[in-house]
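# Structural characterization, general
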Amino acid sequence: MLITVKYFGLIAEITQCENEAISFANETVLNLLNVLYEKYPALKSEEFQVAQNQELVTLETILTGNEIALLPPFAGG
């Protein structure tokens, strides 16, 4: 399955891109993050949430969608 991973804010600065396509089998969000941590070691020290097809998911969630977003904390008011 081809997954589009979107990066926002500081996460995009770390990866030096706003999105990329990754070929990934039906695995968990955690497995995908481990691949991204190998590619971008600085991500390990950042806090962020993961969304699949625009819905927040947990690390144990099975990847079923074609869009994953890494969302840093947002300040607002």
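To keep things clear, this report deals only with the structure shown in the data block. (Residues numbered from 1 in each chain as written. Predicted model: local features only at pLDDT ≥ 70, side-chain atom pairs only at ≥ 80, totals over all residues. Heavy atoms only, no water.)

### Examining the overall build of the protein chain
Within the protein chain one finds two helices and five strands. When the helices and strands of the protein chain are read in sequence order from the N terminus, they spell out β-α-β-α-β-β-β. A compact globule built from 77 residues should have a C-alpha radius of gyration of about 11 Å, and the protein chain, at 12 Å, falls within 12% of that. Along the longest, intermediate and shortest principal axes, the C-alpha atoms of the protein chain span 35 × 25 × 20 Å. (Helix = DSSP H or I, 4+ residues; strand = E, 2+ residues; numbered from the N terminus. Rg over C-alpha atoms; globule rule 2.2 N^0.38 Å.)

### As for the side chain of threonine 15
With respect to the helices and strands, threonine 15 occurs in helix H1 (residues 9-15). At 3.0 Å, the side chain of threonine 15 and the backbone oxygen of cysteine 17 are in polar contact. (Polar contact = N/O pair within 3.5 Å; in protein donor to acceptor, adjacent residues only side chain to side chain.)

### A short note on the sheet that holds strand S3 (residues 49-52)
Pairing is mixed in the open sheet, where five strands are placed in the order S2-S1-S5-S3-S4. Lying at the two open borders of the sheet, with one neighbouring strand each, are strand S2 (19-23) and strand S4 (55-57). Strand after strand, the sheet turns through a mean of 30° between neighbouring axes, direction not considered. Direction of pairing for strand S1 (residues 2-7) relative to S2: antiparallel, over a ladder of five bridges. Counterpart to threonine 4 in the pairing with S2 is alanine 21. Helix H2 (residues 29-39) contacts S1, S2, S3, S4 and strand S5 (67-71) of the sheet and is inclined by roughly 115° relative to S2. (Pairing = 2+ DSSP bridges. Axes fitted to C-alpha atoms, helices over the stretch in contact; angles between N-to-C directions. Contact = heavy atoms within 4.5 Å.)

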